[in-house]
Amino acid sequence: MSSPTTTRPASDAARVAEAARAVLDAHDPRSVPREELFGALYDAGLAWVHHPEGLGGLGLSRGLQAVVDQLVTDAGGPRMFAVNPIGYGMGAPTVVEYGADREQVAAWLRPMVTGEEIWCQLFSEPGAGSDVAGLATSAVRDGDEWVVNGQKVWTTLAHVARWGMLVARTDPERPKHRGLTYFVIDMDQPGVDVRPLRQMTGQAEFNEVHLHDARVLDAHRLGEVGAGWKVAITTLMNERTAIGGVTGRRGSGVIGEALGLWAAHPDRHTPVLRDRLAALWTRAETHRLTLARARRTASAGQPGPEGSVSKLVGAELNQDVYEFCMELLGPDALLYDDWTMDRSRVHTDPNSTVQQRFLRSRANTIEGGTSEVMRNILGERVLGLPGEPRSDSDRPWKEVPRG
Amino acid sequence: MAEPVEFDVTEEQRALRDALRRFAERQHDEATLRRLVDTPDGFDRALWARLGSELGALSLAVPEDLGGAGGTCVDQAVAAEELGAALVTGPLLGTVGLAVPALVAAPGGAERDALLAALADGTRTAALVARLTAPYDGASAAGVTADGDRLTGAAGPVPDAGSADVLLVAAAGPDGPVLAAVAADAEGVTVQRCGSLDLTRPVARVRLDGACGTVLATGEDADRALRHAWRVGGALLAAEQVGVAQRLLDLTVAYAKERLQFGRPIGSFQAVKHRCADMLVAVEQARSAALHAAWAIDDPRVDDADLAVAVAQATCSQTAYRVAADTVQLHGGIGFTWEHVAHLYYKRAVADAALLGSAETYRERIAAAVLDTLAEDTAPPRVATG
């Protein structure tokens, strides 16, 4: 009955669990600082178990990371992803795959997981949203360095970030996908000007980043010159997995908020609302089951296009659940507490209100790839349907109309 | 030995899937399907017996000492998905989905064991005579009354009853529910075949006038057997709906790649592409729900089986119907013709959505189980007070 393929993961899981328990015993999450705990997890190869040994991993299946995360959470520790989401979820897989200098990669990864060095992602521009490969920020070679000019936008955590994942145009004469290069830029320099970008909730989770003759080392380039799009795809695929891939127990998360409101307002129950909530709960449950199934069937290695399924479903479900919550609030839906911009508050703040989360959810179907782009990805990369005829693929980037 | 974790797919299940796909391609292609739906029985008894004896596909979850393969409900769900994808004819719902699990859960005995063995190898067929368009509800499952071993009443439309050798009857007796078996050709039994909206799954009305049956279970035993039949039937019907939806998605995507309008494949238009993407998303969610229901039936540690089946039924009924409707739409005119296969699947999707209870009735179950039982102190999120 038992074949090697069914027994090996179980023993790997036991090995990972044993190693995690040893770290947690030596560094009790309730008494030691987060940096110490996460640093110890990194050193034990438990930060990203699928990374190679020496780079925070053990060379195991990525699905086994859930074993570590669960034990850390059960012991009262924070989630590694939550401390530095862009770095942990997207930066790490990119630098591991494309970083040429292993020592440099290791030097980035440890402070990344401890949260001592926050990462941000410098992709989107005012003129390059869904069409991010059309971006205009330029990087020009200057000896061992590159000089960067342009503007990035919607940059989460840039105001506290030490490192930025930067895609810049290094050859405007080539077609747009072929003139890009990927760098890791030091955000702590005079040429980098970070300004808050206020959003419809009144808060500013995001930033605009203005780059004026900012400098980046050629040693901090990931991949070949002109091959930046390929590197960026790695980051983007992990972004979608990271956004859509968070699961909890049944009835937890956003649908749990709706259940809490429902229980708290028996006076507002109607058969119509009850059916609507039952339908939302059912969608949340099948979404949760699909994430569990994807984790179980995903082979070790890079996440595939199925990340786009959960990103799309999760985003639309969030919006629908918060719309239901607003309906359930009745007259309270007219109220809002505070429009003051406070940079210390983000949408994941447990104290933020339903009304604020409802407004915030509008961004879910835009950030990390719009739902329209997600549907293109599912249609073209998963189902193999042909792309739209294009007018920009083979022309030099500088000749493509922009605006 | 590692215990399989939910959603693991075993080598045996892959082999089963491949074998059934080959069987359907070689023995039950579209021409065969169209020929069989025009026959009085609506299926080929010899082919059915081969499914039972050669492939063992009719009794995967039946214990070995009762003539089955000794496998799991997940195994049977894998088969249901594949057989549904090809619209394989035969009493899959009446016999495999409902009668077999009812018998498995009924008390053992010579009559029960012999009937189960004959159903497992495909030499005999059965239908469950009950109110089959609602979720299980002990009281309302019976359309028939039992007075001792005498059965009286009418039920229908009942899937697969028109060609069944044996009718398993859910009856209301003086001391609670009764599960009885009666031969279709016994005195006092009238089976009237009806025109069926789903051409690939015939239905019949059944009338019993004091027909003499064999009582297999009464009271709690009968309730347990019928409850198990609805659970397993619900999970297998959900798996069949996944098979239907997946096959339609494949057909539609293939068509969208080859059909040219305005000088390009229609699948290159986002209006078409995005609908295909939504079909894919729905199929993936439905597959998770259907498999989860089967896992929950096999292992109570996985989930409450009734809730898992309710989720699967609520989800898969909607998905199969939506995907079938989209298939007709995306095929355009050809999709509305008799000659194209889409209508056969569309009609199956309509019937499947109604059988064992609609998505709406299962949402009602979900609401009762999840929403009506919430503790008042379930922590609410913060609400702005202005």
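Cut-off values and rules
Residues numbered from 1 in each chain as written. Chains lettered and ligands numbered in written order. Predicted model: local features only at pLDDT ≥ 70, side-chain atom pairs only at ≥ 80, totals over all residues. Helix = DSSP H or I, 4+ residues; strand = E, 2+ residues; numbered from the N terminus. Rg over C-alpha atoms; globule rule 2.2 N^0.38 Å. Core = buried A, V, L, I, M, F, W, Y, C linked by C-beta atoms within 7 Å. Buried ≥ 20, exposed ≤ 12 C-beta atoms within 10 Å, placed from the backbone. Contact = placed C-beta atoms within 7 Å. Axes fitted to C-alpha atoms, helices over the stretch in contact; angles between N-to-C directions. Parallel < 35°, antiparallel > 145°, perpendicular 65-115°, else oblique. Left-handed = near helix turned anticlockwise from the far one by under 90°. Nonpolar A, V, L, I, M, F, W, Y, C, P; charged D, E, K, R; others polar. UniProt positions renumbered as here; feature names shortened; annotations may be inferred. Arc of directions from axis to C-beta.

**Things to note about the overall build of chain A**
(1) Moving on: From N to C terminus, chain A includes 12 helices and 8 strands.
(2) Moving on: For chain A, whose C-alpha radius of gyration is 22 Å, the value lies close to the compact-globule estimate of 22 Å for 403 residues.
(3) Moving on: On the principal axes, the C-alpha backbone points of chain A span a range of 70 × 50 × 45 Å.

**Some words on the nonpolar core**
(1) Moving on: Formed by 171 residues in total, the largest nonpolar core has its most connected members in Ala-102, Val-129, Leu-167, Leu-179, Ala-235 and Ala-290 of chain B.
(2) Moving on: If you tally residues by element for this core, the top one is helix α7 (residues 219-258) of chain B, at 18 residues.
(3) Moving on: Contacts of Ala-290 of chain B, omitting those with residues within four sequence positions, involve Ala-77, Ala-235, Ala-238, Ala-239, Val-242, Ala-312 and Cys-316 of chain B.
(4) Moving on: Val-16, Val-23, Val-113 and Leu-122 of chain A belong to the second largest nonpolar core, which has 67 residues in total.

**Quick notes on the packing of helix α8 (residues 270-298) of chain B against helix α9 (residues 305-331) of chain B**
Residue and element names in this part refer to chain B.
(1) Moving on: The N-to-C vectors of α8 and α9 enclose an angle of 155°; their axes lie 8 Å apart at closest approach. On the basis of their axis angle, the class for α8 and α9 is roughly antiparallel. The chirality of how α8 crosses α9 is left-handed.
(2) Moving on: Grouping the amino acids of the contact of α8 with α9 by side-chain chemistry returns 18 nonpolar, 4 polar and 3 charged.

**Here's the deal with the UniProt feature "domain: Acyl-CoA dehydrogenase/oxidase N-terminal" (unreviewed entry) in chain A**
(1) Moving on: Feature annotation in UniProt places "domain: Acyl-CoA dehydrogenase/oxidase N-terminal" (unreviewed entry) on residues 24-116 of chain A, given in this structure's numbering.
(2) Moving on: Structurally, residues 24-116 of chain A is divided into 58% helix and 0% strand, and its ends, taken at the C-alpha atoms, are 20 Å apart.

**Focus on the interface of chain A and chain B**
(1) Moving on: Taken together, the contact between chain A and chain B spans 53 residues of the former and 46 residues of the latter.
(2) Moving on: Going through the elements one at a time, α1 (4-26), α8 (254-264), α9 (271-297), α10 (306-329), α11 (354-361) and α12 (371-382) of chain A are the ones with two or more residues in the side of chain A that touches chain B.
(3) Moving on: Per-element accounting of the side of chain A that touches chain B gives the leading share, 16 residues, to α9 of chain A.
(4) Moving on: Residues belonging to the side of chain A that touches chain B are distributed by class as follows: 26 nonpolar, 17 polar and 10 charged.

**What to know about helix α6 (residues 110-120) of chain B**
Residue and element names in this part refer to chain B.
(1) Moving on: Buried residues of α6: Arg-112, Leu-115, Leu-116, Leu-119 and Ala-120, and no others. All buried residues of α6 fall inside an arc of 135° around its axis, so they share one side. Residues of α6 that are exposed and angled more than 90 degrees away from the buried face: Ala-110 and Ala-114.
(2) Moving on: Of the residues flanking the end of α6, it is Gly-122, one or two places downstream, whose phi is positive at about 85°.

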